[in-house]
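Listed here are the chains, written in short residue letters.
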Amino acid sequence: MRHPTAIVSEEAVIGHGVEIGPYAIIGAGVTIGADTKIGAQTRIEGPAKIGERNVFYGSASIGGPPQDLKYRGERTELQIGNDNVFREFVTINRGTAGGGGLTTIESDNFFMAYSHVAHDCHVGSHTIFANNATLAGHVDVGDHSTIGAFSAVHQFCRVGDHAFIGGFTVVTQDALPFIKTVGDRPAKTYGINTIGLQRKGFSAETIDALDRAYRILIRSKLKLQDALQKIESDYGFLAETRYLVEFVRGSSHRGFIR
């Protein structure tokens, strides 16, 4: 189902049941999976591989070249999984040669209007990007995380699984998994995302253990390595607390938000 005003490159591969709306542009090197819907005036540039049942609302810009002054037209790529929703004016950029050449978005994500994913970012599954949520380049976003409206994540930072980033937050260090991070410079943590974890089916035992681990990590007077060892000793029987410890140990030179 292709509107007569849409422009689709002969070098694009379009799956069964794809709907392409008025004035949409599908460029060369784009592969679009079955039953995807592309709204009016949306532009998709390649190389890009897009899975099945994705929905692009009007005027989205997907797969455009990276907004990086070092980019000189090298072949880089965007990969998108299945069942994602991209609302109006969402922008997603391809990777850069220096950053691995690839931007990836997995499945079941919801990008609200005007949200932006820059070059070489890697977004997991089941995330929510509220209006104007923005990732700089080389950001990793874990599964089931939420990035609030008008929030920005600094380049090379990580957002952990099940993290909650409040609206208008500036993330300049890694944002811890399972934890609420809110505020302008400097952003701060505000405890476990209890309501979000309950809604996602976490047991009371797991939430309590994460809360205690958070208190050890952030509020105790222990040195960082001592705090991590205590969390492992007391709560290492849970995969979630082990992941929290591994996330902190894997933090970049920028550190993590406390």
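Our subject is the structure listed above.
Only a predicted model underlies this, so the values are computations on that prediction, with no experimental measurement involved.

**Observations regarding helix 2 (residues 204–219)**
With 16 residues, helix 2 should cover 22 Å at 1.5 Å per step; its first-to-last C-alpha distance of 21 Å lies within 8% of that length. All buried positions along helix 2 are accounted for by Thr206, Ile207, Ala209, Leu210, Ala213, Tyr214, Ile216 and Leu217.

**Focus on the pattern of salt bridges**
Side-chain pairing between opposite charges can occur once the charged atoms of the two side chains come close. One pass over the full model with this rule turns up 11 salt bridges. A salt bridge links Arg215 to Asp211; the nearest nitrogen and oxygen atoms lie 3.0 Å apart. Here Asp211 and Arg215 lie together in helix 2, a separation of 4 residues that amounts to about one turn. Residues Glu232 and Arg249 are paired through a salt bridge, measuring 2.8 Å at the closest nitrogen-oxygen approach. Taken together, the positions of Glu232 in helix 3 (residues 224–235) and Arg249 in helix 4 (residues 239–249) put the pair 17 residues apart, joining distant regions of the chain. Classification of Glu232 as partly exposed rests on a relative accessible area of 37%. Residues joined in a network through salt bridges with shared partners are Glu52, Arg53 and Asp83.

**What to know about the side chain of Thr96**
Relative to the helices and strands, Thr96 resides in the loop between strand 13 (91–93) and strand 14 (102–105). The buried category is assigned to Thr96, whose relative accessible area is 7%. Setting aside its immediate chain neighbours within four residues, Thr96 contacts Pro66, Asp68, Thr76, Gly101, His119, Asp120 and His138.

**So, the sheet that holds strand 11 (residues 77–80)**
Strand order in the open sheet formed by 8 strands is 2-5-8-11-14-17-20-23, and the pairing between neighbours is parallel. Two strands close off the open sheet at either side, each with one partner strand: strand 2 (13–14) and strand 23 (158–159). Note: strand 8 (residues 48–50) against strand 11, 3 bridges, orientation parallel. When the sheet's bridge partners are listed, Ile50 is paired in strand 11 with Ile80.

**Focus on the packing of helix 2 against helix 3**
Running from amino to carboxyl end, helix 2 crosses helix 3 at an angle of 160°, the nearest separation of the two axes being 9 Å. Classified by the angle between their axes, helix 2 and helix 3 sit roughly antiparallel to one another. Seen along the crossing, helix 2 lies across helix 3 with a hand that is right-handed. In contact with Ala209, Arg212, Ala213, Ile216 and Leu217 of helix 2, helix 3 contributes Leu224, Ala227, Leu228, Lys230, Ile231, Asp234 and Tyr235. In terms of residue class, the contact of helix 2 with helix 3 is made up of 9 nonpolar, no polar and 3 charged.

Each value, and the rule that gives it
- Residues numbered from 1 in each chain as written.
- Predicted model: local features only at pLDDT ≥ 70, side-chain atom pairs only at ≥ 80, totals over all residues.
- Heavy atoms only, no water.
- Helix = DSSP H or I, 4+ residues; strand = E, 2+ residues; numbered from the N terminus.
- Expected span 1.5 Å × (residues − 1).
- Buried < 20%, exposed > 50% of the residue type's maximum accessible area, 1.4 Å probe, protein only.
- Salt bridge = Lys/Arg side-chain N within 4 Å of Asp/Glu carboxyl O.
- Contact = heavy atoms within 4.5 Å.
- Pairing = 2+ DSSP bridges.
- Axes fitted to C-alpha atoms, helices over the stretch in contact; angles between N-to-C directions.
- Parallel < 35°, antiparallel > 145°, perpendicular 65-115°, else oblique.
- Left-handed = near helix turned anticlockwise from the far one by under 90°.
- Nonpolar A, V, L, I, M, F, W, Y, C, P; charged D, E, K, R; others polar.

Function-wise, these values are silent; they only describe arrangement.
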